[in-house]
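Residue strings, one per chain:
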Amino acid sequence: MIHIQKIKKSITNELNIFSDYITNTIILQSHKIVNRNNAVWKQIRDAVVYVFVYTLLIALLRWLLRQILPHSTVNISFLYLLGIIWLASTSRQFSSGLMSVLAFLTYDFFFIKPYYLLTIDDPSEWIFLSTFLMISLIITFFASALHKREQYAVDSQMRTAALYDLSQQIAAVHESSTLFPIVTAWICKQFDKEGILACSLWIPTETGDLAIRSIAYSQQNQNPTLAQFDALHYQKNAATSLVSTKQTRMIEQDLSTYFIPLRNQCGILMVSGTPMIEQLLTFVPELDTRQTLPAKQFATICDQIALAIERAALQNEAMHAATLRESERLKDALLGSITHDLRTPITAIQTAASSLTQTDINIDKTSYIILIEKIMGSSRRLENIVANILTISRYEGKAKAAPRSLYPINDVVATALDELDTSGQLQDHRIVIDIAEDPLEAIMDHVAIERVVINLVENAVKYSPPKSKITIKAVSNTESQVIIVQIYDEGVGIPPTELQAIFKKFYRLDQELPWLPEKIAKGTGLGLAACLNIIQEHQGKIWAENLPNNGSVFNFTLPVK
């Protein structure tokens, strides 16, 4: 019993769909017949009006000529040709042809003896009227053909301009999320006169399911069914169209909905509207005629959309591949950069620790202290490398910023120098501090700014000769409401082309040092990159400059408020 009810329900649904289809088809055909009949009656009206007007004009001119030249035999029937040419160039061929026949009969009826009869006494008039009719029909044919060509050229120009506009909009977009709304909105705007009230785009997901990515409505949309769009209601038909690569149609009340599979199964274009939209979906390339121009344009646009979707997908794949390559490159660069810098302090720690653990060797107090200091210095160097890596990871990962407050730059510089002095990095250099005694306060995370000062002073030490001077200055700029911190060195300077590149990750300035001819200063390439991230996070600026004589200066700013 239950199965019988299900069968009855299924048959009822199918009959309803079939009846709706027949109803909409009849409505569409009736609209076509009514529109065609209206067009025919309009052409008949135009032909009759033009014949009437030109007949009155010819009668008036004949009367005037008889008043001026009583014995004149001038024939002015060819004035009808002006109306025929005008009608043929502005209307359809049928109206101008009808006017030619009506003009032939009217002139015979009113202006050739015997008057008011469709007969002719003079046989020469037959030749004249036959020539007139033949010339008027030839003019009708050629003028109408010229008008059609002109109209086709205008339509083609508008179509080309519309396609160019769409291609320009598509080319300017590089993200799928922006592309889809542009496409659906453009179709609704371009084809609203052809009956499209809504357009949506369905794109397959990674799991193979269809998901609606964009929907747009025409300004003429007054249909409540479309106003309350339900994606689940249409999803089955869209999926069927994608699998079968054939159009699927739904009929709801006076609404027709088509699911158009795009090529290469890259998605489904759903258009809804009046039954008129069927005219857009009947384009056959083998039957490309002028009457199929809207359908041809719609088919071309569907191909454009498919190409744009494929291009966006390829761009995403290319970006993903580039990201993977960049990730591999950065990983290799990171490993290559820090391997040496990690191995050196680790080896020093292991060597010093091994010496301290040997029981068969007596180590005096001085040597013992030296070994302990070496272990401490190497461990601090390791700590600095790890700190720089963590700093870059935290800021580039957009982690939550640490709390900031007004803090004196004097204390930051003093703390950073104490740490560097404790690790023994300043023992061969002379440090000069040129900061006013009054505290210069700025908004900062003082731990992060200490890292900036440490990295910049370490960089100055690395590229400066022994016993050289390193100067640290800090001044307040009241106009810009910032504090400017400057670190001067007396080193080899920076090539002008590298002044910005040195702040990139893993970028190392492999430069020969005159005081160490057999060695090149090396580093991880992370210290200055970490400084850049920290200062930018503080809404400040950091840059490097070369000094006139020798050496360089690193500057960074911090906001006071």
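Every residue gets a number counted from 1 within its own chain, in the order that chain's sequence is written. Whole-chain, interface and lining totals are the exception, using all residues; otherwise, since this is a predicted model, local features are given only for residues with pLDDT of at least 70 and side-chain atom pairs are given and counted only at 80 or more. Side-chain calculation: all heavy atoms of the structure are included, whereas hydrogens and water are not.

This part covers the overall build of the protein chain. The secondary structure listing takes helices from DSSP runs of H or I that are at least 4 residues long and strands from runs of E that are at least 2 residues long, numbered from the N terminus. Summing up its helical and strand segments, the protein chain has 12 helices and 14 strands in all. Contact definition: two residues touch when any of their heavy atoms are within 4.5 Å. Of the contacts formed within the protein chain by residues at least 6 apart in sequence, a portion of 65% connects residues at least 24 apart. Throughout, the Shrake-Rupley method with a 1.4 Å probe supplies accessible areas, and for residues the shown protein chains are the sole cover considered. Of the accessible surface of the protein chain, which amounts to about 32,900 Å², a share of 59% is contributed by carbon and sulfur atoms.

Moving on to the packing of aromatic side chains. Classification of ring pairs uses Phe, Tyr and Trp, with its six-membered ring standing for Trp, and accepts pairs whose centres are within 6.5 Å; under 30 degrees between planes counts as stacked, over 60 as edge-to-face, and the remaining range as tilted. Taken as a whole, this structure holds 2 aromatic pairs when the rule is applied. With centroids separated by 5.4 Å and ring planes inclined at 80°, the aromatic side chains of Phe191 and Phe298 adopt a geometry described as edge-to-face. Of the two residues, Phe191 sits in the loop between helix H5 (176-190) and strand E1 (196-204) while Phe298 sits in helix H8 (residues 293-357), which places them 107 residues apart along the sequence. Burial classes: relative accessible area under 20% of the type maximum marks a residue as buried, over 50% as exposed, and values in between as partly exposed (1.4 Å probe, protein chains only). A relative accessible area of 1% means that Phe191 is categorised as buried. When its relative accessible area of 3% is taken as the criterion, Phe298 is described as buried.

Summarising the element assignment, Ala414 is placed in helix H10 (residues 409-422). In this structure Ala414 comes out as partly exposed when scored by relative accessible area, which is 35%. Considering only alpha carbons, one finds Ala414 and Glu450, 36 residues apart in sequence, at a separation of 9.1 Å.

As a further point, take the packing of H10 against helix H11 (residues 446-462). What describes two packed helices is the angle between their axes and the distance between those same axes. Simply put, an axis is a line fit to the C-alpha atoms, just over the touching stretch for a helix, and the angle between two N-to-C directions goes from 0 to 180 degrees. Where H10 contacts H11, the axes come no closer than 9 Å and their chain directions differ by 55°. When the axes of H10 and H11 are compared, the pair comes out oblique. Judged by the sense of rotation from one axis to the other, the crossing of H10 with H11 is right-handed. Contacts between H10 and H11 involve Ile409, Val412, Thr415, Ala416, Leu417, Glu419 and Leu420 from the first element and His446, Ile449, Glu450, Arg451, Val453, Ile454, Val457 and Glu458 from the second. Lys, Arg, Asp and Glu make up the charged group, whereas Ala, Val, Leu, Ile, Met, Phe, Trp, Tyr, Cys and Pro make up the nonpolar group; the residues left over, Gly among them, are polar. Split by residue class, the contact of H10 with H11 holds 9 nonpolar, 2 polar and 4 charged. Angle categories: roughly parallel below 35 degrees, roughly antiparallel above 145, roughly perpendicular from 65 to 115, and oblique for all the rest. Left-handed describes a crossing whose near helix is turned anticlockwise from the far helix through less than a right angle; right-handed describes the clockwise counterpart.

One recurring pattern in soluble globular proteins: nonpolar side chains tend to sit buried together. To form a nonpolar core, buried Ala, Val, Leu, Ile, Met, Phe, Trp, Tyr and Cys residues must be joined to one another through side-chain atoms within 4.5 Å. The biggest cluster of nonpolar side chains holds 41 residues, and the ones touching the most others in it are Ile409, Ile449, Leu456, Val457, Phe554, Phe556 and Leu558. Of all the secondary-structure elements, those providing two or more residues to this core are H10, strand E8 (441-444), H11, strand E9 (469-477), strand E10 (482-488), helix H12 (527-537), strand E13 (542-546) and strand E14 (552-559). Considering each element in turn, this core owes the most residues, 9 residues, to H11. Dropping the residues within four chain positions of it, Ile409 is found in contact with Leu440, Met444, Ile449, Ala474, Val485 and Leu558. In this structure, Ile170, Phe191, Ile301 and Cys302 belong to the second largest nonpolar core, which totals 34 residues.

When you tally the buried positions in E1, you get 8 out of 9 residues, the bulk of the element. Two strands pair when backbone bridges link them, and E1 and strand E5 (residues 268-273) are joined in this way by 6 bridges, in the antiparallel orientation. Residue pairing for E5: Cys199 is matched across the bridge by Val271. By the convention used here, strands pair only if DSSP detects at least 2 bridges between them. Examined bridge by bridge, E1 and strand E2 (residues 210-217) share 7 bridges and lie antiparallel to one another. Counterpart to Ala198 in the pairing with E2 is Tyr217. In this antiparallel pair of consecutive strands, E1 and E2, the connection spans 5 residues, and Gly208 shows a positive phi of 95°.

For the rest of this paragraph, the subject is the sheet that holds E1. If you trace the 5 strands from one edge of the open sheet to the other, you get E2-E1-E5-E4-E3, paired in antiparallel fashion. With partners counted over all chains shown, the strands left at the sheet margins are E2 and strand E3 (248-252), one partner each. The sheet shows a mean angle of 20° between the axes of neighbouring strands, taken without regard to direction. On the sheet, helix H7 (residues 231-244) packs against E1, E2, E3, strand E4 (255-261) and E5 and is oriented at approximately 155° with respect to E3.

This paragraph deals with the pairing of E10. For E10, the tally of buried residues reaches 6 of 7 residues, placing the bulk of the element in the interior. Count of turn residues in the E9/E10 antiparallel hairpin: 4 residues, of which Gln481 carries a positive phi of about 55°. As judged from the 7 bridges shared by E10 and E14, these two strands associate in the antiparallel manner. Bridge pairing in E14 places Ile487 opposite Phe554.

This part covers H12. In terms of residue burial, H12 counts as a mostly covered element, since 8 of its 11 residues are buried. Those residues of H12 that fall on the buried side of the exposure criterion are Gly527, Leu528, Ala529, Ala530, Cys531, Asn533, Ile534 and Ile535. A positive backbone phi angle near 60° is found at Gln539, which sits one or two residues after H12.

This brings us to the sheet that holds E14. The pairing of strands in a sheet happens through backbone hydrogen bonds and is either parallel or antiparallel. Taking strand neighbours across the sheet as the criterion, the 5 strands line up as E7-E9-E10-E14-E13 in an open arrangement whose pairing is mixed. Of all the strands in the sheet, the pair left with one neighbour each is strand E7 (430-435) and E13. Taken pair by pair, the neighbouring strands of this sheet meet at an average axis angle of 15°, ignoring direction. Here 6 bridges tie E7 to E9, and the two strands are oriented parallel to one another. Residue pairing for E9: Asp434 is matched across the bridge by Lys473. H11 contacts E9, E10 and E14 of the sheet and is inclined by roughly 175° relative to E14. Strands in contact with H12 are E13 and E14; relative to E14, the strand with the most contacts, it is inclined by about 25°.

Next up on the list: the confidence of the model for the protein chain. Known as pLDDT, the predictor's confidence for each residue is given on a scale from 0 to 100. The predicted model of the protein chain averages 76 in pLDDT, with 80% of residues at 70 or higher. Taken element by element, the protein chain is modelled with least confidence in helix H6 (residues 224-227), mean pLDDT 60, and with most confidence in E14, mean pLDDT 93. Long-range and interchain partners of residues 286-291, a stretch whose pLDDT sits below 50, account for 6 contacts in this model, where long-range means more than four residues apart.

Before going further, it helps to spend a moment on the packing of H11 against H12. Across the interface, H11 lies against H12 with an axial gap of 9 Å and an inter-helix angle of 145°. Here the hand of the crossing between H11 and H12 comes out left-handed. Packed against H11, whose contacting residues are Ala448, Ile449, Arg451, Val452, Asn455, Leu456 and Asn459, the element H12 presents Gly527, Leu528, Ala530, Cys531, Ile534 and Ile535 at the interface.

With that out of the way, let us pick up a nonpolar patch on the surface. The patches described consist of residues with a relative accessible area above 30% and no salt bridge, like charges being joined within 9 Å and nonpolar side chains (Val, Leu, Ile, Met, Phe, Trp, Tyr) within 5 Å. Salt bridge, as applied in this entry: a Lys or Arg side-chain nitrogen positioned within 4 Å of an Asp or Glu carboxyl oxygen. Among the surface-exposed residues, Leu57, Leu60, Leu61, Trp63 and Leu64 lie close enough to one another that they form a single nonpolar patch of about 450 Å² accessible area. Inspection of the secondary structure puts Leu64 in helix H1 (residues 2-68). You can call Leu64 partly exposed: its relative accessible area is 37%.

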